[in-house]
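The primary structure of each chain is shown beneath.
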Amino acid sequence: MRTTTAALLVDDAGRYLLHLRDANKNIAEAGRWSLPGGHPEPGESLDATIARELEEEAGLRVPDLTPYAVVEATDGDETLARVQVYSGTWRGDPATLPLTEGIMLRWTDAAQLPWLTMDPRTTAVIEHHRTGRGRTGGTLPVVRVRVPGTRTVPNVIGVHLYLEREGRVLLGLRHPESAYAPSYHHFLAGHCERESAVACLIREAKEEAGLVVDAADVEFVHAVHLVDAPGAQPRLQLVFRARRWVGEPEVREPDKCAGWGWWPLDALPEPIVGYTRAAIEGIRQGSLYTEMGWT
């Protein structure tokens, strides 16, 4: 299980800096108040992670951040997620920050917390901080939070188009301001709405690239079941090959895609979405299934 990070920032009045997460995205704790932070990139230390996340999300630089506690979310039987919390002091105005993720940042008095829709891990670590129970010795205290557990978790279904021509695969370059994977190469893709996966594929091909695909020419070639971070919503990414299609790819949604290109299968572009590469490698090997991010 990977450990993610969060920052417990306090001002001189004892207020806490809270982050309101996006409500209409498939993310953990959507629409709730939480602490700013995020998960590490491959090979990145937790100290470097929290500094980078604060800088990327809000242009925040807090020089006195120190490890404060570890918060573990459990369902009573097992640990579902683990967060290392850093504490620090900041005295600025959140309204002036260039926020790139979520709805807003605000200073919040502890007395207001019961009236907010909160991430229970955030509530627990603030209560731990208010009671003065900090780090003792060389060991970080562990704050355990029992969250409502269920073994039935909705999975987001993504549908992806695999087109191959003369040994080259069609990939789109994501717009640099795209909410997902900016400036990365990726399949033509979309989320299933109230429709079948193949109907979704046909719709997205037309909407995103002006391509006409017939259901009779579509075959399933790979699935990637992944989770981006502990506690995040699982995603099932279905990849379908179209044996024939009508039209040449064109940019129909310029806010999402900066351009289309045909790339040799043995020389894929960088950077590329991780599960896109995994799916292409699986297809070349004749494999139908890949798992990513599960512990």
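Residues numbered from 1 in each chain as written. Predicted model: local features only at pLDDT ≥ 70, side-chain atom pairs only at ≥ 80, totals over all residues. Heavy atoms only, no water.

1. Re the pattern of salt bridges
Any two side chains of opposite charge can pair, given that their charged atoms come close.
Okay, step 1: According to the stated counting rule, one finds 25 salt bridges in the structure shown.
Okay, step 2: A salt bridge links Glu164 to Arg241, with the nearest nitrogen and oxygen atoms 3.6 Å apart. Here Glu164, found in strand β10 (residues 164–165), pairs with Arg241, found in strand β15 (residues 235–242); they are 77 residues apart in sequence, far enough to count as distant.
Okay, step 3: Two residues, Glu219 and Arg243, come together in a salt bridge whose shortest N-O distance is 3.5 Å. (Salt bridge = Lys/Arg side-chain N within 4 Å of Asp/Glu carboxyl O. Helix = DSSP H or I, 4+ residues; strand = E, 2+ residues; numbered from the N terminus.)

2. Some details on the side chain of Glu253
Okay, step 1: As for its position among the elements, Glu253 is in the loop between β15 and β16 (257–264).
Okay, step 2: The contact partners of Glu253, leaving out residues within four places of it in the chain, are Glu207 and Glu208. (Contact = heavy atoms within 4.5 Å.)

3. Here we look at the nonpolar core
Okay, step 1: Residues Leu8, Leu18, Leu35, Val85, Val125 and Ile126 are the most contacted members of the largest nonpolar core, which totals 24 residues.
Okay, step 2: Counting residues per element, this core draws most heavily on strand β5 (residues 66–74), which supplies four residues.
Okay, step 3: The next biggest cluster of nonpolar side chains, apart from the first, holds 21 residues, and it includes Val159, Cys200, Ala242 and Trp260. (Core = buried A, V, L, I, M, F, W, Y, C linked by side-chain atoms within 4.5 Å. Buried < 20%, exposed > 50% of the residue type's maximum accessible area, 1.4 Å probe, protein only.)

4. Some words on the environment of Gly92
Okay, step 1: Among the secondary structure elements, Gly92 is positioned in the loop between β6 (79–89) and β7 (104–108).
Okay, step 2: Remark: the alpha-carbon pair of Gly92 and Ala209, spanning 117 residues in sequence, is separated by 45 Å.

5. What about helix α4 (residues 274–285)?
Okay, step 1: For α4, built from 12 residues, the straight-helix expectation of 16 Å at 1.5 Å per residue is met to within 8% by its first-to-last C-alpha distance of 17 Å.
Okay, step 2: Where α4 is buried, its residues touch β9 (156–162), β11 (168–174), β12 (185–186), β14 (218–226), β15 and β17 (289–292). (Expected span 1.5 Å × (residues − 1).)

6. Examining the side chain of Asp119
Okay, step 1: By secondary structure assignment, the location of Asp119 is in the loop between β7 and α2 (120–130).
Okay, step 2: At 3.0 Å, the side chain of Asp119 and the backbone nitrogen of Arg121 are in polar contact. (Polar contact = N/O pair within 3.5 Å; in protein donor to acceptor, adjacent residues only side chain to side chain.)

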